[in-house]
Amino acid sequence: MTIEKITPPRIRSFVRRKGRVTPGQHFALENHAQHYCLDPQQEIDFENVFGRAAPLIVEIGFGNGDSLAKMAAENPDKNYLGIEVHRAGVGHLLMLIEAQQLTNIRIYCHDAIEILEQRVPNESLAGVHLFFPDPWHKKKHYKRRIVRDSFVELLARKLATNGYFHAATDWENYAEWMLEILNRAAEFKNISATQTYCERPDYRPLTKFEQRGIRLGHGVWDVMFAKQ
Ligand SMILES: C[S@@+](CC[C@H](N)C(=O)[O-])C[C@H]1O[C@@H](n2cnc3c(N)ncnc32)[C@H](O)[C@@H]1O
């Protein structure tokens, strides 16, 4: 008798929200997705898709895409791959791409872990951004946090040497958690001079949510590590 190995389902970092899709987002999803959204089921050659070779930056969980669109507009020399499971957010980003005629963004509406594992070649990324990931505040939900040892191992495989991982969070406990997990990964070194947190680099736009937080005296922690 052979006993099949049973792999337990992976604990995901998101819950699919229904969320209202506005008419504008719906129009964008219907009419523009075919130009910018990639099929998670298909093999891909990113240079071919972008029509050029350029440093490739992945943003995981871009939300409504405001920051991603701004970064892509300000850095036309880089290619950006946004990955988000929330359809309304993808629709919003498609509207921004069309309105600004951005040519350097492509999107997956899918679980970022699966895309990184299955579609992104090893040692191919110049950077990975993770801005304000779901903090999963309650202790019993910590296991849902996207930053965990297996995630850091995945990053180490996908980033090129000297590629960077940049996360930002407004939840101090999650910032400490990230430092602890990244510090024990031999492939990464902390970019911060204090070996803790960095100042927000200019390329990361300040979001409305963050501006409000700053007014209310809340903190934001930027965590940056380079792959060595
Ligand atoms: C708290 S929101 C932050 C959104 C945005 N980065 C911002 O700063 O406003 C976190 C986002 O990450 C997305 N997300 C979480 N896990 C994900 C995963 N494994 N793959 C793709 N998206 C994910 C969620 O759908 C959500 O939109």
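Residues numbered from 1 in each chain as written. Predicted model: local features only at pLDDT ≥ 70, side-chain atom pairs only at ≥ 80, totals over all residues. Heavy atoms only, no water.

Chemist: What's the story with the site of the ligand in this structure? I'm lost.
Modeler: Close to the ligand lie 16 residues, the nearest being S13, G61, E84, A112 and F131. Separating a nitrogen atom of the ligand from a side-chain N or O atom of S13 is a distance of 2.8 Å. For the ligand, an oxygen atom lies 2.6 Å from a polar atom in the side chain of E84. With the chains in place, 82% of the 600 Å² that the ligand exposes on its own is no longer accessible. Considered class by class, the residues forming the shell around the ligand number eight nonpolar, four polar and four charged. (Near = heavy atom within 4 Å. Polar contact = N/O pair within 3.5 Å; in protein donor to acceptor, adjacent residues only side chain to side chain. Areas by Shrake-Rupley, 256 points an atom, 1.4 Å probe, with all protein chains shown as cover. Nonpolar A, V, L, I, M, F, W, Y, C, P; charged D, E, K, R; others polar.)

Chemist: Which parts of the structure should I look at to understand the nonpolar core?
Modeler: Inside soluble globular proteins, nonpolar side chains tend to come together where they are buried. Core analysis: the largest hydrophobic core is formed by 36 residues, its most contacted members being I60, L81, V147, F165 and F188. Other than its neighbours up to four places away in sequence, I60 contacts I83, A112, L116, V128, H129, L130, F131, I146 and F151. One finds A72, Y80, A168 and C198 within the second-largest nonpolar core, a separate group that totals 24 residues. (Core = buried A, V, L, I, M, F, W, Y, C linked by side-chain atoms within 4.5 Å. Buried < 20%, exposed > 50% of the residue type's maximum accessible area, 1.4 Å probe, protein only. Contact = heavy atoms within 4.5 Å.)

Chemist: What exactly am I supposed to notice about the sheet that holds strand β4 (residues 125-131) here?
Modeler: Across a sheet, paired strands are connected by hydrogen bonds in the backbone, their directions being either parallel or antiparallel. Spatial strand order, β3-β2-β1-β4-β5-β7-β6: seven strands in an open sheet with mixed pairing. The open sheet is flanked by β3 (105-108) and β6 (188-190), the only strands paired with a single partner. Taken pair by pair, the neighbouring strands of this sheet meet at an average axis angle of 20°, ignoring direction. Here five bridges tie strand β1 (residues 56-60) to strand β2 (residues 79-83), and the two strands are oriented parallel to one another. Paired with L56 across the two strands is N79, which belongs to β2. Along the sheet, helix α8 (residues 172-183) makes contact with β5 (159-169), β6 and β7 (221-227), crossing β7 at roughly 15°. (Pairing = 2+ DSSP bridges. Helix = DSSP H or I, 4+ residues; strand = E, 2+ residues; numbered from the N terminus. Axes fitted to C-alpha atoms, helices over the stretch in contact; angles between N-to-C directions.)

Chemist: What is the right way to look at helix α5 (residues 87-100) in this model?
Modeler: Helical periodicity: at 3.6 residues per turn, an α-helix aligns residues three or four positions apart in one direction. Given a rise of 1.5 Å per residue, 14 residues ought to cover 20 Å, and the 20 Å separating the end C-alpha atoms of α5 matches this to within 8%. Every buried residue of α5 is accounted for by A88, G89, V90, G91, L93, L94, L96 and I97. Those residues of α5 that are buried lie in contact with α1 (23-31), α2 (33-36), α4 (66-74) and β3. A positive backbone phi angle near 50° is found at Q101, which sits one or two residues after α5. (Expected span 1.5 Å × (residues − 1).)

Chemist: Is there a simple way to explain the packing of aromatic side chains in this structure?
Modeler: Two measures describe an aromatic ring pair: the distance that separates the ring centres and the angle between the ring planes. In the structure shown here, the tally under the stated rule is three aromatic pairs. Residues Y164 and Y203 carry aromatic rings whose centres are separated by 6.2 Å and whose planes lie at 50° to one another, so their mutual orientation is tilted. In this pair, Y164 sits in strand β5 while Y203 sits in the loop between β6 and α9 (208-215), placing the two residues 39 residues apart along the sequence. Here Y203 falls in the partly exposed class, since its relative accessible area comes to 23%. Note that R144 overlies the ring of W136, its terminal NZ or CZ placed 5.0 Å from the centroid. (Phe/Tyr/Trp six-rings, centres within 6.5 Å; stacked < 30°, edge-to-face > 60°. Lys NZ or Arg CZ within 6 Å of the ring centre and 35° of its normal.)

Chemist: For this particular structure, what's the right way to read the pattern of salt bridges?
Modeler: Working definition: two side chains of opposite charge can pair if their charged atoms are close together. Inspection of every chain in the model, using the stated rule, returns 11 salt bridges. A salt bridge links R12 to E114, with the nearest nitrogen and oxygen atoms 3.3 Å apart. Of this pair, R12 sits in the segment before α1 while E114 sits in helix α6 (residues 112-118); the two residues are 102 residues apart in sequence, bridging distant segments of the chain. We note a salt bridge from R204 to D222, for which the minimum N-O separation is 2.8 Å. With R204 in the loop between β6 and α9 and D222 in strand β7, the pair connects residues that are 18 residues apart, well separated along the chain. For D222, a relative accessible area of 3% corresponds to the buried category. Sharing partners across several salt bridges, the network here consists of R10, R12, D111 and E114. (Salt bridge = Lys/Arg side-chain N within 4 Å of Asp/Glu carboxyl O.)

Chemist: I'm lost on the environment of M178 in this one. Help?
Modeler: Secondary-structure assignment places M178 in helix α8. Aside from chain neighbours lying at most four places away, what touches M178 is P133, V147, A167, T169 and V223.

Keep in mind these values describe shape, not function.
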